[in-house]
Amino acid sequence: MSMFRKSSPAKSVIFAVNYDDARTAYLWIDNPAKASDNRAVSLIARAQQEKGSLPEGTITSIKRVR
């Protein structure tokens with residue numbers, strides 16, 4: 001009998017969004033299928049900027065954190 005519980009897969013994926021002025025913001029994507037497509041992630045980040053969820057500025061890179 002195993003005493004360890006299997007972890008369930010993450011329901012959301014977190015990305016670090018880096019800006020040209022050394023700021024960093026975090027972006028949560030609830031759909032792991034979309035999170036695997038780099039182009040979709042950048043489109044989601046731009047849409048979040050337009051909505052105001054992410055700060056304005058020039059995005060230099062987007063890196064998956066978790």
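Thresholds, definitions, all that
Along each chain, the written sequence defines residue order, and numbers are assigned to residues from 1. Totals for whole chains, interfaces and linings use all residues, but because this is a predicted model, local features are given only for residues with pLDDT of at least 70 and pairs of side-chain atoms are given and counted only at 80 or more. Side-chain metrics in this entry use all non-hydrogen atoms of the structure; hydrogen atoms and water are not considered. Each helix is a run of DSSP H or I of at least 4 residues and each strand a run of E of at least 2, with the numbering of both proceeding from the N terminus. Here the radius of gyration uses the C-alpha set of atoms, whereas the globule reference equals 2.2 Å times the residue count to the power 0.38. For this analysis, residues touch if any pair of their heavy atoms sits within 4.5 Å. Accessible surface area values rest on a Shrake-Rupley calculation with a 1.4 Å probe, where residue burial reflects the displayed protein chains alone. Salt bridges are identified by distance alone: a Lys or Arg side-chain nitrogen within 4 Å of an Asp or Glu carboxyl oxygen.

*Asks:* Please clarify how the overall build of the protein should be interpreted in this entry.
*Replies:* Looking only at helices and strands, one finds two helices and three strands in the protein. The helix and strand sequence of the protein, counted from the amino end, reads β-β-α-α-β. The C-alpha atoms of the protein give 15 Å as radius of gyration, which overshoots the globular expectation for 66 residues (11 Å, by more than 25%). Principal-axis analysis of the C-alpha atoms gives the protein an extent of 55 × 20 × 20 Å. Residue pairs at least 24 apart in sequence account for 46% of intrachain contacts in the protein once pairs closer than 6 positions are excluded. Surface exposure of the protein reaches about 5200 Å², of which carbon and sulfur atoms provide 53%.

*Asks:* Just checking my understanding: could you explain unusual backbone geometry for this structure?
*Replies:* Apart from glycine, the bulk of residues carry a negative phi angle, and the bulk of peptide bonds sit in the trans form. Even without being a glycine, A22 presents a positive backbone phi close to 70 degrees. Checked against the element boundaries, A22 lands in the loop between β1 (13–19) and β2 (24–29).

*Asks:* How do you make sense of the pattern of salt bridges when you look at a structure like this?
*Replies:* Charged atoms that come close allow side chains of opposite charge to pair. One pass over the structure, following the stated rule, counts one salt bridge. Between R23 and D21 there is a salt bridge, and its shortest N-O distance comes to 3.0 Å.

By themselves these figures say nothing about function.
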